[in-house]
Amino acid sequence: MSNHQNEIKNTAMSFLEVQNVSKIYQAGREHVSAVNGITSQVMQGEFISVTGPSGSGKSTLLSILGGLNHPTEGKLLVDGIDVYELSVEQRADFRREYLGFVFQSFQLIPYLTVAENVLLPLTVSSHSNSEQKEMALSILEKVGLTHKTRRLPDELSGGEQQRVAIARALINQPPIILADEPTGNLDSATSEEIMKLFQALNSEGITMIMVTHNPDNIRYARRCISLRDGKLVN
Ligand SMILES: Nc1ncnc2c1ncn2[C@@H]1O[C@H](COP(=O)(O)OP(=O)(O)OP(=O)(O)O)[C@@H](O)[C@H]1O
Ligand SMILES: [Mg+2]
């Protein structure tokens, strides 16, 4: 597998590409066609919003982009890697190297401190304790939370919890962040803070793909993709 930090293979070409991707879920005897033949390309450094009505396939598409949901048909290429041709273990390594995930419901571990939550995705034992502490601090500085490293998640506001989740997504320095309704549980002022943070990360070169219902968020994206019934509309 290539290492994006040393070598991005095709900077000028698409960084992430879905080719004719479909997902049919089987729920009992029912088949749900959640994503229906999507082809799209994302360049490095883009900030893309994904919108569409409830049930249109946004989260399904995002989970496919994240290497978390094997499509029924089609291909995902990231930095030239055919993601669903990788073994399960290789795909886990791929995710750690390339992707940071941010969800609506922060998904922090309630009995771990802020710093411990942030360090959770670190590859096992490759860093000494003091290195880890430094890494957590420097990432938490980025999201403005160095003064809360020893707090537990439920001692923080919603916006602070989401910033911890963003710090956790950044710990392995991934080139891509995938966010699913990242401000769905936040008030509008706090949402704007989170969007400004995403904007800053994007201006450092991180490719952002964000599912959102919120028109205030969409204006931070430089390209908007809309889904309806699992298909791209524009
Ligand atoms: N694990 C699953 N098993 C069966 N059907 C599923 C599963 N996950 C999603 N679906 C169905 O697939 C379709 C697309 O769902 P998805 O969650 O991708 O939509 P969405 O656009 O993210 O919606 P929302 O805006 O409500 O989050 C829906 O009809 C949903 O019921
Ligand atoms: Mg969804």
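This text goes with the structure placed above it.
Residues numbered from 1 in each chain as written. Chains lettered and ligands numbered in written order. Predicted model: local features only at pLDDT ≥ 70, side-chain atom pairs only at ≥ 80, totals over all residues. Heavy atoms only, no water.

Ile 166 and Phe 198 are the most contacted members of the largest nonpolar core, which totals 35 residues. Secondary-structure elements contributing two or more residues to this core are helix H3 (114-119), helix H4 (129-142), helix H5 (158-170), strand S7 (176-180), helix H6 (188-203) and strand S8 (207-211). Looking at this core, the element that brings in the most residues is H5, giving 6 residues. Contacts of Ile 166, omitting those with residues within four sequence positions, involve Val 102, Val 143, Ile 194, Leu 197, Phe 198 and Leu 201. Judged by nonpolar contacts, the second largest core, of 29 residues, contains Phe 15, Val 78, Tyr 84 and Ile 176. (Core = buried A, V, L, I, M, F, W, Y, C linked by side-chain atoms within 4.5 Å. Buried < 20%, exposed > 50% of the residue type's maximum accessible area, 1.4 Å probe, protein only. Helix = DSSP H or I, 4+ residues; strand = E, 2+ residues; numbered from the N terminus. Contact = heavy atoms within 4.5 Å.)

All right, on to the site of ligand 1 then. If you check the shell around ligand 1, you find Tyr 25, Val 32, Ala 34, Pro 53, Ser 54, Gly 55, Ser 56, Gly 57, Lys 58, Ser 59, Thr 60 and His 213 and nothing else. In this structure, Gly 55 approaches ligand 1 through a main-chain N or O atom, which is 2.8 Å from an oxygen atom. In the model, an oxygen atom of ligand 1 is placed 2.9 Å from a nitrogen or oxygen of the Ser 59 side chain. For ligand 1, the protein covers 61% of the area, taking 640 Å² as the surface of the free molecule. Those elements giving two or more residues to the shell around ligand 1 turn out to be strand S2 (30-43) and helix H1 (58-65). With 3 residues, the top contributor of residues to the shell around ligand 1 is H1. (Near = heavy atom within 4 Å. Polar contact = N/O pair within 3.5 Å; in protein donor to acceptor, adjacent residues only side chain to side chain. Areas by Shrake-Rupley, 256 points an atom, 1.4 Å probe, with all protein chains shown as cover.)

The next subject is the packing of H5 against H6. For any two helices packed against each other, one specifies the crossing angle of their axes together with the interaxial distance. In the contact formed by H5 and H6, the axes pass within 10 Å of each other and the chain directions differ by 20°. Judged by the inter-axis angle, H5 sits roughly parallel to H6. You can see that H5 and H6 cross each other, and the crossing is right-handed. Mapping the contact onto sequence places Gly 159, Gln 162, Arg 163, Ile 166 and Leu 170 in H5 and Thr 190, Glu 193, Ile 194, Leu 197, Phe 198 and Leu 201 in H6. (Axes fitted to C-alpha atoms, helices over the stretch in contact; angles between N-to-C directions. Parallel < 35°, antiparallel > 145°, perpendicular 65-115°, else oblique. Left-handed = near helix turned anticlockwise from the far one by under 90°.)

Moving on, we get to the sheet that holds strand S10 (residues 231-233). In sheet architecture, strand pairing relies on hydrogen bonds along the backbone and comes in two forms, parallel and antiparallel. Spatially, S6-S7-S8-S3-S9-S10 is the arrangement adopted by the 6 strands of the open sheet, whose pairing is mixed. Single-partner strands in this sheet number two, and they are strand S6 (99-103) and S10. The mean inter-strand angle of the sheet, taken between neighbouring strand axes irrespective of direction, is 25°. When strand S9 (residues 223-228) meets S10, the two strands line up antiparallel, connected through 3 bridges. Considered in S10, the bridge of Leu 227 is made with Leu 232. Strands in contact with H1 are strand S3 (47-51), S6, S7, S8 and S9; relative to S7, the strand with the most contacts, it is inclined by about 155°. Packed on one face of the sheet, helix H2 (residues 88-98) meets S6 and S7 and runs near 80° to S6. (Pairing = 2+ DSSP bridges.)

Let us look at unusual backbone geometry. Non-glycine residue Glu 181 carries a positive phi angle of around 50°. Following the sequence through the fold, Glu 181 ends up in the loop between S7 and H6. Note on Glu 181: relative accessible area 12%, which makes it buried. The phi dihedral of Asp 229 is positive, around 50°, even though this residue is not glycine. Turning to its location among the elements, Asp 229 is positioned in the loop between S9 and S10. Classification of Asp 229 by relative accessible area gives exposed; the value is 61%.

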